[in-house]
Amino acid sequence: MTAQQRQRGLNFRFWRSDLAVDFGTTNTLIYMPRRGIVLQEPSVVAMRGNAVVAVGKKAERMLGRTPGGIRAVKPLQSGVIADYDLARKMLERFISRVIRRFPFFKLRLIVTVPSGTTQVERRAVLSAGKRCGIKEVYLIEEPIAAAIGTGRPVAEPRGNFIINCGGGLTEIAVISLGGIVLASSLRQGGETINAIIQRYLFRRYRMEVGLSIIEEAKRRAGYAIDPPPDLTYNFKGINLHRRGPGALEIKAEELTEAIEPVLSAIAEAARNIFEQIPPQLAADVMSDGIVLAGGAALLHNFDLYLSRKLNLPVHRAEDPYTCAVRGASEAINYMDRLVLHS
Ligand SMILES: Nc1ncnc2c1ncn2[C@@H]1O[C@H](COP(=O)(O)OP(=O)(O)O)[C@@H](O)[C@H]1O
Ligand SMILES: [Mg+2]
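Quantities reported herein were computed from a predicted structural model and do not represent experimental measurements. (Residues numbered from 1 in each chain as written. Chains lettered and ligands numbered in written order. Predicted model: local features only at pLDDT ≥ 70, side-chain atom pairs only at ≥ 80, totals over all residues.)

A.B. asks: Just checking my understanding: could you explain the overall build of the protein for this structure?
C.D. replies: Each helix and strand in the protein was counted, giving eleven helices and 18 strands. Counting across all 342 residues of the protein, residues that qualify as buried make up 45%. Looking at the protein alone, contacts between residues at least 24 apart form 64% of all its contacts between residues at least 6 apart. (Helix = DSSP H or I, 4+ residues; strand = E, 2+ residues; numbered from the N terminus. Buried ≥ 20, exposed ≤ 12 C-beta atoms within 10 Å, placed from the backbone. Contact = placed C-beta atoms within 7 Å.)

A.B. asks: In this structure, what is going on with the pairing of strand 17 (residues 290–293)? I would like to understand it.
C.D. replies: Successive residues of a regular strand alternate their side chains across the two faces of the sheet. Where burial is concerned, the two faces of strand 17 agree: the one with Ile290 and Leu292 and the one with Val291 and Ala293 are both buried. Examined bridge by bridge, strand 17 and strand 18 (residues 314–316) share three bridges and lie parallel to one another. Directly across from Val291, in strand 18, lies its bridge partner His315. Taking the sense of rotation as the criterion, the β-α-β connection linking strand 17, helix 10 (residues 302–310) and strand 18 turns out right-handed. (Pairing = 2+ DSSP bridges. Right-handed = clockwise from strand over helix to strand, strands pointing away.)

A.B. asks: So what exactly am I meant to see when it comes to helix 4 (residues 119–131) here?
C.D. replies: Along an α-helix, a turn takes 3.6 residues, which lines up residues three or four apart on a common side. Here helix 4 spans 18 Å end to end across 13 residues, near enough to the 18 Å set by a 1.5 Å rise per residue. Those residues of helix 4 that fall on the buried side of the exposure criterion are Ala124, Val125, Leu126, Ala128 and Gly129. Following helix 4 by one or two positions, Gly133 has its phi on the positive side, about 85°. (Expected span 1.5 Å × (residues − 1).)

A.B. asks: Whenever I open this one, the sheet that holds strand 12 (residues 170–176) confuses me. Can you help?
C.D. replies: Whether parallel or antiparallel, the strands of a sheet pair through hydrogen bonds between backbone atoms. As summarised here, the arrangement of the five strands in space is 13-12-11-17-18, forming an open sheet in which the pairing is mixed. The open sheet is flanked by strand 13 (179–186) and strand 18, the only strands paired with a single partner. Sheet twist, expressed as the average angle between the axes of neighbouring strands with direction ignored, equals 20°. The pairing of strand 11 (residues 160–165) with strand 12 spans six bridges and is classified as antiparallel. Counted as the bridge partner of Ile162 is Ala173 from strand 12. Strands strand 11, strand 12 and strand 13 of the sheet are contacted by helix 8 (residues 252–276), whose axis makes an angle of about 150° with strand 13. Strand contacts of helix 10: strand 17 and strand 18, with the helix running at about 165° to strand 18, the strand carrying the most contacts. (Axes fitted to C-alpha atoms, helices over the stretch in contact; angles between N-to-C directions.)

A.B. asks: Looking at this structure, how should I read the sheet that holds strand 5 (residues 51–55)?
C.D. replies: In spatial order, the strands read 5-4-6; together these three strands make up an open sheet with antiparallel pairing. If you trace the sheet from one side to the other, it starts and ends with strand 5 and strand 6 (70–73), each paired once. Within this sheet the neighbouring strands show an average axis-to-axis angle of 30°, counted without direction. Examined bridge by bridge, strand 4 (residues 45–48) and strand 6 share four bridges and lie antiparallel to one another.

A.B. asks: How should I be thinking about the nonpolar core in this particular structure?
C.D. replies: The nonpolar side chains of a soluble globular protein tend to be buried, and buried together. Formed by 93 residues in total, the largest nonpolar core has its most connected members in Val125, Ile162, Leu292 and Ala293. Per element, the largest residue contribution to this core is ten residues, and it comes from helix 8. The contact partners of Ile162, leaving out residues within four places of it in the chain, are Pro143, Ala146, Ala147, Ala173, Ile175, Val291 and Ala293. (Core = buried A, V, L, I, M, F, W, Y, C linked by C-beta atoms within 7 Å.)

A.B. asks: Could you clarify how one ought to interpret the pairing of strand 11 in this entry?
C.D. replies: Buried residues dominate strand 11, accounting for six of its six residues. Side chains of strand 11 alternate between two faces, with Asn160, Ile162 and Asn164 and Phe161, Ile163 and Cys165 buried alike. The turn linking strand 11 back onto strand 12 is made up of four residues. Bridging between strand 11 and strand 17 involves four bridges; their strand directions are parallel. Directly across from Asn164, in strand 17, lies its bridge partner Ala293.

A.B. asks: Quick question: what am I supposed to make of the site of ligand 1 here?
C.D. replies: If you check the shell around ligand 1, you find 20 residues, and the closest are Gly24, Gly166, Gly190, Gly295 and Leu298. Secondary-structure elements contributing two or more residues to the shell around ligand 1 are helix 6 (190–205) and helix 7 (211–221). A total of three residues in the shell around ligand 1 trace back to one element, the largest contributor, which is helix 7. In terms of domain composition, the shell around ligand 1 takes at least three residues from each of domain 1 (13–146 + 324–337) and domain 2 (153–188 + 259–317). (Near = placed C-beta within 6 Å. Domains from an automatic or database assignment.)

A.B. asks: Which parts of the structure should I look at to understand the environment of Leu76?
C.D. replies: As for its placement among the helices and strands, Leu76 is situated in strand 7 (residues 76–77). As for Leu76 and Thr26, which are separated by 50 residues in sequence, their C-alpha atoms are 7.9 Å apart. Not counting the four nearest positions on each side in its chain, Leu76 is found in contact with Thr25, Ser43, Ile81, Ala82 and Ala87.

Okay, structure coming up:
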């Protein structure tokens with residue numbers, strides 16, 4: 001590298017920087033090239049009246065245990081923006097947190113949105129970026145971003161089948177030539193899995209268990225299929241029979257059975273999409289397989305479950321949690337070949 005090239009490199013770094021945001025129902029992630037993930041926070045806002053008191057982790061701790069006058073809310077629900085104004089405020093807070101430390105002159109921002117978002121929702125996201133003083137703001141559909149993040153050749157004429165399973169929303173999409181050929185989404189995901197486990201413990205054992213414990217149990221002992229026969233989880237909660245604190249040892253097999261309805265709904269939706277795709281693209285999917293991304297893809301053996309149900313190869317993305325934000329960051333470099341909105 002010559003001195004001149006080095007100089008140019010430095011200039012480039014100073015003048016232009018990209019910020020990719022995965023604006024999810026459960027988590028918001030911000031990624032910067034060369035720096036990696038610079039922010040990872042729950043998508044939660046704490047409010048007093050109309051004023052934002054806290055966002056992210058601090059606000060999440062207030063969920064369900066707020067003192068008088070403060071309420072903690074999730075502005076995105078089931079992957080759609082339930083409260084535009086709040087979603088915009090939250091996004092502004094997150095962005096300003098990372099750009100305050102990196103005062104670049106020219107900043108490009110790319111934000112992932114669910115594939116079915118309306119114009120109004122898109123405008124809310126765009127205006128959040130613009131209010132932070134960023135002139136170039138782009139939106140990318142989350143399944144496309146996730147597919148790029150897994151290294152799929154989405155810009156080529158080849159059928160890429162992706163299932164992005166987040167907290168409140170699962171998106172199923174077939175992508176070819178940089179665009180979505182077919183897609184569907186269902187309001188099921190990691191949070192629905194937690195809710196069904198919670199309901200199961202309540203109905204079957206009259207145990208009331210908090211969601212953070214259920215989340216931990218799912219990560220340790222939650223299996224989509226083939227749970228280890230000896231694996232158990234010791235739940236702590238309120239026993240409603242005895243009206244007091246109690247513990248309950250549950251076999252992993254029982255959890256597998258309890259969560260089946262959520263998983264089979266996802267498999268069913270994926271089968272529906274597969275049946276509708278043109279034969280040429282279907283042949284691509286049969287040989288390349290389906291890629292499984294999103295935080296809920298981390299459920300043990302979820303890939304195996306889907307592949308048995310669908311009779312197709314299913315591969316879990318290497319880092320399913322971050323592939324959408326990494327993919328969005330990469331996409332900004334070949335915007336001309338992708339369908340983007342700004
Ligand atoms: N190890 C794990 N096993 C099972 N589910 C997990 C694991 N880690 C995270 N999840 C689930 O991932 C979901 C969040 O995924 P994410 O892609 O961040 O969602 P979103 O895009 O909706 O914000 C949560 O519901 C969480 O329960
Ligand atoms: Mg997501």
